[in-house]
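The lines below spell out each chain.
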Amino acid sequence: MAAGAHSFLMVRIAAEVAGYTDVAKRIIDLAVFGAARNRSYTRLADFTDTIGTRVSGSNNLDMGIKYMYNAMVKDGLDVHLEPVKIPHWVRGKESAQMLLPRTKSLAVLGLGSSVGTPPEGIKAEVLVVQSFEELKQRASEATGKIVVFNQPFVSYGKTVAYRAFGASEAAKVGAVATLIRSITPFSINSPHTGWQNYQDGVRRIPTACITVEDAELMWRIAQRGQQIVVQLNMEAKTLPDVGSFNTVAEIRGWQHPNQVVVLSGHLDSWDVGQGAMDDGGGAMISWEALSLIKDLGLHPRRTLRTILWTAEEQGGVGAQQYFSLHKGNMSNFDLVMESDLGTFTPVALQFTGSDAARKVMEEVVKLLAPINVTKLEDNGEGTDISPWMKVGVPGASLHTADSRYFWFHHSEGDTMSVQDPGDMDLCSAAWAVVAYVVADLQDMLPR
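Residues numbered from 1 in each chain as written. Predicted model: local features only at pLDDT ≥ 70, side-chain atom pairs only at ≥ 80, totals over all residues. Heavy atoms only, no water.

Describing the packing of aromatic side chains
To keep things clear, this is the line we draw: Pairing of aromatic rings covers Phe, Tyr and Trp, the last counted by its six-membered ring, and requires centre-to-centre distances within 6.5 Å; plane angles under 30 degrees mean stacked, over 60 mean edge-to-face, and any other angle means tilted. Remark: a charge is flagged as sitting over a ring if the NZ atom of Lys or the CZ atom of Arg is within 6 Å of the ring centre and within 35 degrees of the ring normal.
Per the counting criterion, the structure on display carries 15 aromatic pairs. Through a chain of ring-to-ring contacts, three or more aromatic side chains come together here, namely Trp309, Tyr322, Phe323, Phe333 and Trp388. The ring of Trp287 is capped by Arg43, whose NZ or CZ atom sits 3.6 Å from the centre of that ring.

Shown next as structure tokens:
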């Protein structure tokens, strides 16, 4: 395209998007000051207080899916369930105790997919290391030991490798179990769980997370040259996969009903806390966005589709099956959005797409000036939307003031007490404006 034609196109798009200024303000006013104020927070509290945790394969997750299906039907949305198969790991009873050099109970949370210990547990000497490199250097010391990883927290993305791969790395050098320092920058003796991955062909050993405090304690004791002995008991087991559902709610487009803008969050959680932050909040704002648009009587050109994913915590299992089922139709997916990093105060929209699509999105976020979220950042994030982004579908996520996210993540601390109703209103408003405007523009986002 010639430069002149390109700049003319940009002027036309900027003008088209600016035409939504009033409608964006109506959505924001309804969410932040109007009848819908505090609604997403109230919905989340009702849901999490009623259902509780929703781990993959559990009866609670089934009840949570039924609850949301009924609630969204009652809200007047077009709702259906899409069946998938998901993992069913059960924690069972678990405990850990330091026996030497003194007796101390250790707070633990077994990691998802871990095997259990024998009924009598595992009693063994401990080897404390601070990295995979140190484990390799000290491989000869690891045989028959429980390896404790006391890796420092750098960032979730980097440090989570210890939770994901610690067990298999330790098993390769003859360890009998692993205890992994929780992946968090802040702790009040709180263990944080999560999924872990056994490598094929490597012996499967029990693995659990311990607190930052206990990992550091054992590191200091080891530095003094004292022997540490720990007793670990875990009943964890994996049962056969079970049926579950991705929950889908829509407002059908009037002109291009087959073209879709997806808003999403995941409905499953870990089996601790309430799963309010991870990811009850993301699920609720993805429902709330449709409610706001419906309440205002707005009818987008394209279909707005909210998807509440199942079994995200096990590696985006529900979303992967959704992708397999719908990828033949990928040219009709205009934008995929996911909120799974908390619903704190929104600060920016994160976006992955072509340069031409980015130019359009830069105009769209200007509509969020009344709530100060006009920044467009790189890299839309989300386990559930990543399959779409990998094949070139534009993707977006919400960047919020999430410095405390990993304090509570995958722990007993993930409860309604972390959530703020005003923040959730702002997130819902941002989510609704972006989704509605993109769904209503003359053209789909350029690939």
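What about helix 4 (residues 59-74)?
Formally: Per the convention used, a helix needs a DSSP run of H or I reaching at least four residues, while a strand needs a run of E reaching at least two, with both numbered from the N terminus. Multiplying one less than the number of residues by 1.5 Å gives the expected span of a helix. Type-normalised accessible area, obtained with a 1.4 Å probe on protein chains alone, sets the label of each residue: buried when under 20%, exposed when over 50%, and partly exposed for intermediate values. The directions considered for the arc run from the helix axis to the C-beta atoms. In this analysis, two residues are considered to be in contact whenever any of their non-hydrogen atoms come within 4.5 Å of each other.
Taking 1.5 Å as the rise per residue, helix 4 with 16 residues should run 22 Å; its terminal C-alpha atoms sit 23 Å apart, in good agreement. Looking only at helix 4, the buried set comprises Leu61, Gly64, Ile65, Met68, Ala71 and Met72. All buried residues of helix 4 project into a common sector of 135 degrees when viewed along the axis, lining one side. Summarising the geometry of helix 4, the exposed residues directed more than 90 degrees from the buried face are Asn59, Lys66 and Lys74. On its buried face, helix 4 is in contact with helix 3 (39-51), strand 1 (78-90), strand 10 (237-251), helix 9 (276-295) and strand 12 (302-309). Where helix 4 ends, the next residue or the one after it, Gly76, has phi of about 90 degrees, a positive value.

Points about the side chain of Ser187
Our working rule: Nitrogen and oxygen atoms within 3.5 Å of one another constitute a polar contact, given that in protein one can donate a hydrogen and the other can accept it, and given that sequence-neighbouring residues count only through two side-chain atoms.
Take Ser187: it is sitting in the loop between strand 7 (177-181) and strand 8 (207-210). Judged by its relative accessible area of 15%, Ser187 is buried. Of note is the side chain of Ser187, whose polar atom sits 2.7 Å from the side chain of Glu213. When neighbours within four sequence positions are excluded, Ser187 is seen to be in contact with Thr211, Val212 and Glu213.

Remarks on unusual backbone geometry
Peptide bonds are mostly trans, and most non-glycine residues show a negative phi. Omega for the peptide link from Leu100 to Pro101 comes to 5 degrees, which places this bond in the cis form. Here Pro101 lies in the loop between strand 2 (94-100) and strand 3 (104-106). Residues Asp278 and Asp279 are joined by a peptide bond in cis, for which omega reads 5 degrees. You will see that Ser113, though not glycine, has its phi angle at about 85 degrees, which is positive. Summarising the element assignment, Ser113 is placed in the loop between strand 4 (108-110) and strand 5 (122-129). Ser113 sits in the buried class, given a relative accessible area of 14%. Backbone geometry at Ala311 places phi at a positive 55 degrees, although glycine is not the residue there. Secondary-structure assignment places Ala311 in the loop between strand 12 and helix 10 (317-326).

Some points on the domain arrangement of the protein chain
Keep this limit in mind: Start and end points for every domain follow an automatic or database-based domain assignment. By buried area we mean the combined loss of accessible area, with a 1.4 Å probe, across both parts when two parts are placed together. Note on residue categories: nonpolar means Ala, Val, Leu, Ile, Met, Phe, Trp, Tyr, Cys or Pro, charged means Asp, Glu, Lys or Arg, and polar means any other residue, Gly included.
What the domain assignment reports for the protein chain is domain 1 (12-89 + 240-440) and domain 2 (92-235). Of the residues lining the interface, 12 residues belong to domain 1; the matching set on domain 2 comes to 17 residues. Together, the buried faces of domain 1 and domain 2 total about 1,200 Å²; carbon and sulfur atoms form 71% of this surface. It is Trp89, Phe406 and Trp407 in domain 1 that bury the most area against domain 2; as a group they hold 49% of the surface buried on that side. At the surface where domain 1 touches domain 2, the tally comes to four residue pairs in polar contact (both at pLDDT 80 or more). Looking at the side of domain 1 that touches domain 2, the elements with two or more residues in it are strand 1 and helix 13 (405-408). The dominant element in the side of domain 1 that touches domain 2, judged by the number of residues it contributes, is helix 13, at three residues. The residue makeup of the side of domain 1 that touches domain 2, split by class, is seven nonpolar, four polar and one charged.

Digging into the sheet that holds strand 1
Note the following rule: Pairs of strands are assigned from DSSP output, requiring at least two bridges between the strands. Only the stretch in contact is used when fitting a helix axis, every axis being a line fitted to C-alpha atoms; angles between N-to-C directions are given from 0 to 180 degrees.
The strand order across the open sheet formed by eight strands is 1-10-12-11-13-16-14-15, and the pairing between neighbours is mixed. Whereas interior strands pair on both sides, the edge strands pair on one side only; in this sheet they are strand 1 and strand 15 (376-378). Direction aside, neighbouring strands of the sheet carry axes that sit 25 degrees apart on average. In the sheet, strand 11 (residues 256-266) pairs with strand 12 via eight bridges, with the strands oriented parallel.

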